[in-house]
Amino acid sequence: VNSISDFFRDLYESTGWNFSIFYMEWDAKHYFEGVVLAVQIAFWSVLGMLVVGVLVAAMNMSAIRPLRWLGIAFVEFFRNTPTLAQLLFLVFGIGSSLGLTKYGPQGQEPFISALQFVILALSLHYGAYCGEALRSGIEAVSHTTKEAAESLGFNHFHTQRYVIYPLAFRIALPAIGNNVIQVIKASSVAYVVAVPEALYVASEIWSTRSNVPEMMIVVLVTYMTMMWMGSLATRKLESLLAVPGFGR
Amino acid sequence: LAEIFDPAAWKALFPWVPLIFSGFLLNILISIVSMSAGMLMGALLGIVQSSTFAWVRFIASCVSLLLRNSPWLVILFFAMYFIPVNIVMLGNYIFVPVWMKAAIALSLPAAGFFSEIVRGGIAFIPRTQWEAAESLGFGFWRTISFIILPQALRRMIPPTINLYCAIALGTSLATVVGAQESISTVQIILNTVRAPGIMFTSYGFILYLFFLYIFPISLASRRMERALDRQQGGKG
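Residues numbered from 1 in each chain as written. Chains lettered and ligands numbered in written order. Predicted model: local features only at pLDDT ≥ 70, side-chain atom pairs only at ≥ 80, totals over all residues. Heavy atoms only, no water.

Engineer: Before we move on, can you summarise the overall build of chain A with the specific residues and values?
Structural biologist: Across its full length, chain A holds nine helices and zero strands. Going from the N terminus to the C terminus, chain A shows its helices and strands as α-α-α-α-α-α-α-α-α. Counting only C-alpha atoms and orienting by the principal axes, one finds that chain A spans roughly 75 × 50 × 30 Å. Residues counted as buried form 47% of the 248 residues belonging to chain A. Taking the intrachain contacts of chain A between residues at least 6 apart in sequence as the baseline, contacts between residues at least 24 apart amount to 72%. A total of about 12,800 Å² of accessible surface is found on chain A, and carbon and sulfur atoms cover 66% of it. Charged side chains in chain A number 15 positive and 16 negative. The centres of these two groups are separated by 13 Å. (Helix = DSSP H or I, 4+ residues; strand = E, 2+ residues; numbered from the N terminus. Buried < 20%, exposed > 50% of the residue type's maximum accessible area, 1.4 Å probe, protein only. Contact = heavy atoms within 4.5 Å. Areas by Shrake-Rupley, 256 points an atom, 1.4 Å probe, with all protein chains shown as cover. Lys, Arg positive; Asp, Glu negative; His and termini not counted. Charge placed at Lys NZ, Arg CZ, Asp CG, Glu CD.)

Engineer: So what's going on with the packing of helix H5 (residues 98–124) of chain B against helix H7 (residues 140–170) of chain B? Residues and values would help.
Structural biologist: Residue and element names in this part refer to chain B. At a closest axis distance of 8 Å, the pairing of H5 and H7 adopts a crossing angle of 145 degrees. In the packing of H5 onto H7, the handedness of the crossing is right-handed. Across the interface between the two elements, Leu106, Ala110, Phe113, Phe114, Ile117, Val118, Gly121, Ile122 and Phe124 from H5 touch Ile144, Ile148, Leu149, Ala152, Arg155, Met156, Pro159, Thr160, Leu163, Ile167 and Gly170 from H7. Residues that form the contact of H5 with H7 fall into these classes: 16 nonpolar, three polar and one charged. (Axes fitted to C-alpha atoms, helices over the stretch in contact; angles between N-to-C directions. Left-handed = near helix turned anticlockwise from the far one by under 90°. Nonpolar A, V, L, I, M, F, W, Y, C, P; charged D, E, K, R; others polar.)

Engineer: Lay out the pairing of strand S2 (residues 92–95) of chain B in plain terms, naming residues and giving numbers.
Structural biologist: Within a regular strand, the side chains alternate between the two sheet faces. All names here are of chain B. Taken together, the four bridges between strand S1 (residues 86–89) and S2 define a ladder with antiparallel strand orientation. Directly across from Asn86, in S2, lies its bridge partner Phe95. Connecting S1 to the antiparallel partner S2 that follows it, the hairpin turn spans two residues, and Leu90 within it adopts a positive phi of roughly 55 degrees. (Pairing = 2+ DSSP bridges.)

Engineer: So what's going on with the confidence of the model for chain B? Which residues, and what values?
Structural biologist: Taken as a whole, chain B shows an average pLDDT of 86; of its residues, 96% reach a score of 70 or greater. In the model output, the complex is listed with pTM 0.86 alongside ipTM 0.84. (pLDDT = per-residue confidence, 0-100.)

Engineer: Describe in detail the environment of B:Asp6, supporting the description with residues and values.
Structural biologist: Locating B:Asp6 in the fold gives a position in the segment before helix H1 (7–13). Here the alpha-carbon distance between B:Asp6 and B:Phe200, two residues 194 residues apart in the chain, equals 9.9 Å.

Engineer: Describe the interface of chain B and chain A, with residues and values.
Structural biologist: Interface size, as often reported, equals the accessible area lost upon joining of the parts. With 35 residues of chain B in contact, the opposing surface of chain A contributes 34 residues. Overall, the association of chain B and chain A removes approximately 3,100 Å² of surface from exposure, summing both partners, and the carbon and sulfur fraction of that is 80%. On the chain B side of the interface with chain A, the three residues burying the most area are B:Pro71, B:Tyr203 and B:Leu207, jointly 18% of the side's total. On the surface where chain B and chain A come into contact, there are one salt bridge. (Buried area = accessible area lost by both parts, 1.4 Å probe. Salt bridge = Lys/Arg side-chain N within 4 Å of Asp/Glu carboxyl O.)

Engineer: Give a description of the nonpolar core that names residues and reports values.
Structural biologist: Judged by nonpolar contacts, the single largest core of 126 residues is most densely connected at A:Tyr31, A:Met49, A:Val118, A:Leu199, B:Ile20, B:Phe77 and B:Ile122. Considering every element that reaches this core, the biggest residue donor is H7(B), with twelve residues. With sequence-adjacent residues up to four places away left out, B:Ile122 is seen in contact with B:Gly46, B:Ile47, B:Ser50, B:Trp130, B:Ile144, B:Ile148, B:Leu149 and B:Ala152. With six residues, the next largest nonpolar core counts A:Val52, A:Phe78, A:Leu124 and A:Ala128 among its residues. (Core = buried A, V, L, I, M, F, W, Y, C linked by side-chain atoms within 4.5 Å.)

Engineer: Break down the side chain of A:Glu197 for me, citing the residues and quoting the values.
Structural biologist: Residues and elements named next belong to chain A. Summarising the element assignment, Glu197 is placed in the loop between helix H7 (156–186) and helix H8 (198–209). This buried residue, Glu197, is left without a salt bridge; Lys185 holds the nearest opposite charge, at 14 Å. There is a polar contact of 2.6 Å between the side chain of Glu197 and the side chain of Tyr223. (Polar contact = N/O pair within 3.5 Å; in protein donor to acceptor, adjacent residues only side chain to side chain.)

Engineer: Kindly report on a nonpolar patch on the surface, identifying the contributing residues and their values.
Structural biologist: All names here are of chain B. Among the surface-exposed residues, Phe53, Trp55, Phe58, Ile59 and Val63 lie close enough to one another that they form a single nonpolar patch of about 570 Å² accessible area. Position of Phe53 relative to the elements: it lies in the loop between helix H2 (17–49) and helix H3 (54–69). Residue Phe53 is classed as exposed on the basis of its relative accessible area of 51%. (Patch = residues over 30% accessible without salt bridge, like charges linked within 9 Å, V, L, I, M, F, W, Y side chains within 5 Å.)

Engineer: Account for the packing of aromatic side chains, with residues named and values stated.
Structural biologist: The full count for this structure, using the stated rule, is 25 aromatic pairs over all chains. Their ring planes at 25 degrees and their centres at 6.1 Å tell us that A:Phe92 and B:Tyr203 sit as a pair that is stacked. A residue pair is termed interchain when its members come from two chains, as with A:Phe92 in helix H4 (residues 83–96) and B:Tyr203 in helix H9 (residues 198–235). Judged by its relative accessible area of 27%, A:Phe92 falls in the partly exposed class. We classify B:Tyr203 as buried; its relative accessible area is 3%. Between A:Trp206 and B:Phe77 the ring centres are 5.6 Å apart and the planes differ by 75 degrees, which places this aromatic pair in the edge-to-face class. Pair noted here: A:Trp206 is in helix H8 and B:Phe77 is in helix H4 (residues 72–82), and the two residues belong to different chains. Its relative accessible area of 6% is what places B:Phe77 among the buried residues. Counting every residue linked through ring pairs, the aromatic cluster contains A:Phe74, A:Phe77, A:Phe78, B:Phe211 and B:Phe215. Taking the ring centre of B:Phe138 as reference, the NZ or CZ of B:Arg142 above it sits at 5.1 Å. (Phe/Tyr/Trp six-rings, centres within 6.5 Å; stacked < 30°, edge-to-face > 60°. Lys NZ or Arg CZ within 6 Å of the ring centre and 35° of its normal.)

Engineer: Run through unusual backbone geometry, naming residues and quoting values.
Structural biologist: Residues and elements named next belong to chain A. The phi dihedral of Ala194 is positive, around 60 degrees, even though this residue is not glycine. With respect to the helices and strands, Ala194 occurs in the loop between H7 and H8. Unlike most non-glycine residues, Ser210 shows phi in positive territory, near 45 degrees. One can find Ser210 in the loop between H8 and helix H9 (212–241).

Engineer: An account of the pattern of salt bridges is requested, with residue identities and associated values reported.
Structural biologist: Overall, the coordinates contain nine salt bridges over all chains when judged by the stated rule. The residue A:Glu33 makes a salt bridge to A:Lys29 at a minimum N-O spacing of 3.5 Å. Placement of the pair is A:Glu33 and A:Lys29 together in helix H2 (residues 25–61), with a separation of four residues, close to one helical turn. Classification of A:Lys29 as exposed rests on a relative accessible area of 54%. Here B:Glu116 makes a salt bridge to B:Arg119, at a shortest N to O gap of 2.9 Å.

Next up, the structure:
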C-alpha cells in the first residue's frame, strides 16, 4: 500500500497529476465511503427494481381490467418522464411538502432520507422497464407449458409462481441485466440531492484539491468497474439459471 | 396533506408557466442538437464497427462501449470542465453557451447508442447482399452507402426514436451543470415564490410536460415497430 501511495505522491510532485485519493488518507477514506454508498444505492435499487418489476408484470398480465390499466399507466408514466424530475418530485414535491425529509429537533433521522428517496426513484423508474421485460418474458413462455401445468392440477397462483415466472425470469434475464447496468449508471443522479456517493464525493474532493481531470477519470473508472461487475454478475446468473434445452 | 393539493399553489404557479415553457423549449433544443450530432458521429462509428479489419472493429467497439457506459452526469461534468468558454476560431472568439456544452455532452452517449443501432441494422442485412455488391465491383464505402444502409434504414427507425426519447429525458440532467432548462426555471421559481404546496405542483408540472412531449413519440415508435414486425412476418 505504501508503494502505491508513494508512486502517486511522486507522480504529483513530478508531473502535477494529483490523484489525491491514492495518497491522502482523508481523501481515500472519503472516496471509499462514496463508492460503498454508490454500490449500496445500486444494490438496493436493483432489488427494488425487481420487486416493482414483478408487481408491474403481474398487474399488466392480470385478468382484472382496472388493475391492468393501472399497471399500464404506471409503466407509461415512469418510462416517459426523466429520472431526475421523478427524483426531485419525490424528494421536494412529496418529501419536503409532507415533512418526510426533515430531521427531528434532536437530530433524529428523517422519516425517509434522501438516500432512500434515490433508491425509491430508481426502483420505480427501472421497475417499469423491468416489468415490461418480464411481461415479454411471460408472453414468450409457450401456452402449452401453461396448459401442462394446469393439467397437473396447479391452480392459477401456483402456475404463475412455479412454472411461468421462473421461466419468464430466465427469458427476460438478458433484458433485466441490461437494466441492472442502467441502474448503476443512473445511480449518479443521487448527486443532485446531495447523497454523498462516488460522484458527489469526487466533486467535493476536486473542489478542495482542484484536481478536476484526475478525479473525473477516477469517477469514470469507478463507474465502469461497477458496471463491469454488474454485467459479470448477471452473466454468471444467466449461466447458473440456464434451463437445459432452452436458448443457445 | 391538504397543503399539497392547495389550489393556491396552482394560482401562484400560473404566471410562471411561460417561463417553464421557455425552459422546456431549451430542453427540446438540446435534445435535437445532441441527437443530430450524435447521429452523425454514431453513423460513422457504427459503419467503422462493421469494418473488415478486425483491429479497426475492436477499437471502434471499445469507443462505442465507453460512450454507452459512462454515466451521463459524469459526461456532462466532463463537458462543463473541459470545453472552454470561448473557442478561438480564425481570430474570433466564439462564445459557447452552457446549453451548447450540455448538447455536446449528451451527443456523446447518443453517438455510442446510435452506432450500436447502425451496427445492428447492418448486421440485419443478409451476407448475400455484401457478396452480390462485391461481385459487382463495389468497394466497402460504396456497398455501405448505396446497398446496405438504404435497406437497413427502415429497421433502424424505431430504435432511433427510442434513443431520441432517452436523450430528451436526459436533457433534464443539464440543470445540474447550470443550463437554464425547465427544471432550473422551476428552481428559480421555488426561490422566488412562497406558497404552500408549490413544490409539488411545479415539479409535477415538469413531469407532466415531459410526459406530454415524450409519450406520443414513444407510442409512434412502438406502432412503427409493430408494423415492421408484421411485414417481416408476412414475408417469412
